[in-house]
Amino acid sequence: MWLSKFQFPSRSIFKGVFLGHKLPLLVRLTSTTTNSKSNGSIPTQYTELSPLLVKQAEKYEAELKDLDKDLSCGIHFDVNKQKHYAKLSALTDTFIEYKEKLNELKSLQEMIVSDPSLRAEAEQEYAELVPQYETTSSRLVNKLLPPHPFADKPSLLELRPGVGGIEAMIFTQNLLDMYIGYANYRKWKYRIISKNENESGSGIIDAILSIEEAGSYDRLRFEAGVHRVQRIPSTETKGRTHTSTAAVVVLPQIGDESAKSIDAYERTFKPGEIRVDIMRASGKGGQHVNTTDSAVRLTHIPSGIVVSMQDERSQHKNKAKAFTILRARLAEKERLEKEEKERKARKSQVSSTNRSDKIRTYNFPQNRITDHRCGFTLLDLPGVLSGERLDEVIEAMSKYDSTERAKELLESN
Amino acid sequence: MPRISPSLLKKASSIRPGLHLLIPECRSLQQATLEYKWLSEELPPEKSILWACLQRYNHVPLQYILGSQPFGALDIICKPGVLIPRWETEEWVMELITTINNSTLFNHETPLHICDTCTGTGCIALALNHGIPNSTFTAIDISKKAIDLVKLNILKNKVGKGRLIQRNILTSTPSNVPPLHIDILTGNPPYIRKRDFNRDVKTSVRLFEPKLALVGELEFYQNLVEHWLSKTDSFFYEIGDTGQFDYVETRIKSDSKLSQSWSIGLKYDSNGKPRVVYGFKNNSKGARLLPLFENFGTLKHLATTETGAK
């Protein structure tokens, strides 16, 4: 009992990383080779990719060769084909690198076993090579997986407090600051599209943050879900620890929202699909009144999605923003529906990335952050909440996600 | 207007110091909070927010305090003495830009010439010029303050140079007023009836915006029919009530020549108020405009000759 407490010092301010459950990177789609049969003195072991994935990579390699032939014959490539070609050649490069590293490892192993005079050097080299190999192989897996449909899109983050009253609102503010800090850390351009502060006290009622970096959606999509905080709130007088939550929704940004493209948005909807409501004022309007009544509400009738926007002084700009958010919500909704359909068709279990689950806990007394999906734990709350070390959590999730997706890919094959 | 309850004022002042000063102008706590946010974000640093709230309490328009009003893609400088751009104007101007740009009828190879009367800040002329590729503009106003402000707005928004004319269009003979040919004539003339001025106009407008840009009967619409129709292919004039539309419609219908060549429409704003009277000529160029403006508003009168005499 006390031993386990000793191993997980719950109250010590211990900065550093440890893996709660060791992250099973590439487990299940790889066959682990415990290599030396003669003795157990091989310093590290490596994992080979599953034959199925290797086969897939070989298929792409063959396709690239065919394309190369076409190219040398002088056949014209259109834009799509060029893109495909570029993708294939990048993939094949990684695959070749992977094979080289794998062969090197294998020959080193043989050397260790067969040539005792070189053993010490070979072992050292082997130990250095293994991490390099692992990076290459995970890069290859990522490239083999079909990309996320919105992987190259900029993103929108919507934050809302969940249970926990004012403390939840304060936590929502903390999360917003964290994402702003993260955007600064990655040198991404960002903008707060709307933010409603709690009128009677601190914290926020809701906020929408736009991250204008292309591809930020691919990084931030793991943030979607319920975030949980455990701490003694500043509003608490008796020193009790409270648990509160905040919800984060991550949406892909489709197109940009500059004033010119708003008309393009409106046009892509069928007439009658969108209802635009403005603040209805009595009186004659026009020159008679100069109040800034700029609030706009959009209703997408087929889906029932309603977006209100009032932050800008110009009705036109509010409308543009509202259309951006509406488009993002619709795209996300369609994607989720499609994913759900595919999953049902495959009859596989619904993975734990379901957005209704709580995904992460921020425990202040223990200075701990745990992501419940991949089991990753980091003992540096200030570092994560400032946005500087959030990347490590996201990286762990991204690895976990590619593992899961590779698994799904293999299952469906 | 409903009375503001003292408890609302008390509540507002407890949220932010000075917020309660915004309530009489904004009428609701939500709107006041929004205005407070705009003031705190956009106020020039040398001015205090409490001062700004006091100004608002004294009915000074927000746009004069902040010195600007967004208009489509532009940020229009606002100064006392010149009418502040309204959202109703922004709405129809943006729709006009979309209608013209969506059309394949304009190839944008030959430049379109825009003429804006009673231009004020220049918002209509500048927004159209900014939104429509390959266009030139003339902006006319009687007031020197307005013309000076248009110059500033051209510089600030980096719009192409246009011709600015300070002139009273009601008294000058039209042949003296350039340009010779106009593709799109626009205007936001003073349209508040004198008898309505004290009753229907918001205090802030009445006290701080120029009466010259507000009060007018039918003289500008009369001027439109009598002097401008011969020079332009289409016109878009903002109106304050249906009376002004009726006047233009009757004048054109009753004139045998004009009724043959002009189609007239009425556009409502999204608040359901009549806002624009527009028309286009049924000449070789104008005939193609018909399908374009069918959805812009409601057509009330169709030119009686089919293709029109060229």
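Treat the numbers as computed from the prediction; the structure is a model and nothing was measured. (Residues numbered from 1 in each chain as written. Chains lettered and ligands numbered in written order. Predicted model: local features only at pLDDT ≥ 70, side-chain atom pairs only at ≥ 80, totals over all residues.)

### Looking at the overall build of chain B
Rule in force here: Strands here are runs of E lasting at least two residues and helices are runs of H or I lasting at least four, both read from the DSSP assignment and numbered beginning at the N terminus. With the radius of gyration taken over C-alpha atoms, the globule rule is written as 2.2 Å times the number of residues to the power 0.38. To assign burial, the other C-beta atoms lying within 10 Å of each residue's own C-beta are counted, with C-beta atoms placed from the backbone; 20 or more indicates buried, 12 or fewer indicates exposed, and intermediate counts indicate partly exposed. Any residue pair is listed as a contact if its two C-beta atoms, each placed from the backbone, are within 7 Å.
Check the secondary structure of chain B and you find 14 helices and ten strands. In summary, chain B has a C-alpha radius of gyration of 21 Å against a globular reference of 19 Å for 310 residues, a match within 12%. Seen through its principal axes, chain B has C-alpha atoms that stretch 70 × 40 × 35 Å. Considering chain B as a whole, with its 310 residues, one finds that 46% of them fall into the buried category. Taking as baseline every contact in chain B between residues at least 6 positions apart, the subset at least 24 positions apart corresponds to 63%.

### Considering the interface of chain A and chain B
Defined as follows: Note on residue categories: nonpolar means Ala, Val, Leu, Ile, Met, Phe, Trp, Tyr, Cys or Pro, charged means Asp, Glu, Lys or Arg, and polar means any other residue, Gly included.
Residue-level contacts link 26 residues of chain A with 37 residues of chain B. Sorting the residues of the side of chain A that touches chain B by element identifies β9 (274-278) and α8 (315-346) of chain A as the ones contributing at least two each. Looking at the side of chain A that touches chain B residue by residue, the classes come out as five nonpolar, twelve polar and nine charged.

### A few points about the nonpolar core
Side chains of nonpolar character tend, in soluble globular proteins, to be buried together. To keep things clear, this is the line we draw: For this entry, the nonpolar core is defined as buried Ala, Val, Leu, Ile, Met, Phe, Trp, Tyr and Cys residues connected by C-beta atoms within 7 Å. Note that the domain bounds reflect an automated or database-derived domain assignment.
Of all hydrophobic cores here, the largest spans 80 residues; its most connected members are B:Leu22, B:Val93, B:Ala127, B:Leu128, B:Leu224, B:Tyr237 and B:Val277. Each of domain 1 (6-58) and domain 2 (70-301) of chain B gives at least three residues to this core. The contact partners of B:Tyr237, leaving out residues within four places of it in the chain, are B:Gly187, B:Pro189, B:Tyr221, B:Leu224, B:Val276 and B:Val277. A:Ile204, A:Val250, A:Met309 and A:Leu326 belong to the second-largest nonpolar core, a separate cluster that totals 55 residues.

### Things to note about the domain arrangement of chain B
Size of an interface, as often reported, equals the accessible area lost when the parts are brought together. For chain B, the assigned domains are domain 1 (6-58) and domain 2 (70-301). For domain 1 of chain B versus domain 2 of chain B, the distance between C-alpha centres works out to 34 Å.

### As for the sheet that holds strand β10 (residues 298-301) of chain B
Residue and element names in this part refer to chain B. Going by this rule: The pairing criterion is simple: DSSP has to find at least two bridges between the two strands. To obtain an axis, a line is fitted to C-alpha atoms, over the contacting stretch when the element is a helix, and the angle between two such axes runs from 0 to 180 degrees between their N-to-C directions.
Taken in spatial order, the eight strands make up an open sheet running β5-β4-β3-β6-β7-β9-β8-β10, and their pairing is mixed. Among the strands making up the open sheet, the edge pair consists of β5 (163-166) and β10. Sheet twist, expressed as the average angle between the axes of neighbouring strands with direction ignored, equals 20 degrees. Helix-sheet contacts for helix α7 (residues 123-131) involve β3 (112-117), β4 (135-141) and β6 (184-187), and the interaxial angle to β4 is about 180 degrees.

### Considerations on the UniProt feature "modified residue: N5-methylglutamine" in chain A
Where we set the bar: UniProt positions are given in the numbering used here, feature names are shortened, and annotations may be inferred rather than shown by experiment.
Here the UniProt-annotated "modified residue: N5-methylglutamine" positions come out as A:Gln287. Mapped onto the secondary structure, A:Gln287 falls in the loop between β9 and β10 (296-300). What makes A:Gln287 buried here is the crowd of 26 C-beta atoms within 10 Å. The contact partners of A:Gln287, leaving out residues within four places of it in the chain, are B:Arg86, B:Tyr191, B:Ile192, B:Leu214 and B:Gly240.

### Some thoughts on the sheet that holds β9(A)
All names here are of chain A. The three strands lie next to each other as β9-β10-β11, forming an open sheet whose pairing is antiparallel. Pairing within the sheet leaves two strands with one partner each, and these edge strands are β9 and β11 (305-309). Shown here is a sheet whose adjacent strand axes are inclined to one another by a mean of 15 degrees, direction ignored.

### Here's the deal with the pairing of strand β13 (residues 368-371) of chain A
Residues and elements named next belong to chain A. Residues Arg-368 and Thr-370 point to one face of β13 and Ile-369 and Asp-371 to the other, with burial holding for every one of them. Between strand β12 (residues 358-363) and β13, which pair antiparallel in sequence order, lie four residues; one of them, Asn-367, sits at a positive phi of approximately 55 degrees. Pairing of β13 with strand β14 (residues 376-379) involves three bridges; the strand directions are antiparallel. Bridging from a neighbouring strand, Asp-371 pairs with Phe-376 of β14. The antiparallel hairpin formed by β13 and β14 contains four residues in its connecting segment, where Gly-375 sits at a positive phi of about 75 degrees.

### As for the pairing of strand β7 (residues 234-238) of chain B
All names here are of chain B. Among the five residues of β7, five are classified as buried, and the element is accordingly described as predominantly covered. Burial along β7 is two-sided: Ser-234, Phe-236 and Glu-238 facing one way and Phe-235 and Tyr-237 facing the other are all buried. Where β6 meets β7, three bridges bridge the pair, whose relative direction is parallel. Pairing of Thr-186 across the sheet is with Phe-236, part of β7. Both β7 and strand β9 (residues 274-281) contribute to a ladder of five bridges, which runs antiparallel. Directly across from Tyr-237, in β9, lies its bridge partner Val-277.

### Things to note about the environment of B:Tyr268
All names here are of chain B. Structurally, the position occupied by Tyr-268 is in strand β8 (residues 262-268). You can call Tyr-268 partly exposed: it has 14 C-beta atoms within 10 Å. A C-alpha to C-alpha distance of 13 Å links Tyr-268 and Val-93, two positions 175 residues apart in sequence.

### A short note on the packing of helix α2 (residues 51-72) of chain A against helix α3 (residues 79-114) of chain A
Between two packed helices, the angle of one axis relative to the other and the distance separating the axes together describe the packing. Residues and elements named next belong to chain A. We apply this condition: When describing relative orientation, an angle under 35 degrees is termed roughly parallel and one over 145 degrees roughly antiparallel, while 65 to 115 degrees is termed roughly perpendicular and anything else oblique. Handedness of each helix crossing follows the sense of rotation of the near helix against the far helix: counterclockwise by less than a right angle gives left-handed, clockwise gives right-handed.
The geometry of α2 relative to α3 is characterised by a closest axis approach of 9 Å and an angle of 130 degrees between their N-to-C directions. Between α2 and α3, the interaxial angle falls into the category oblique. Between α2 and α3 lies a crossing of left-handed hand. Of the residues in α3, those in contact with Ala-57, Tyr-60, Glu-61, Glu-63, Leu-64 and Leu-67 of α2 are Tyr-85, Leu-88, Ser-89, Leu-91, Thr-92 and Phe-95. Of the residues in the contact of α2 with α3, the class split is eight nonpolar, two polar and two charged.

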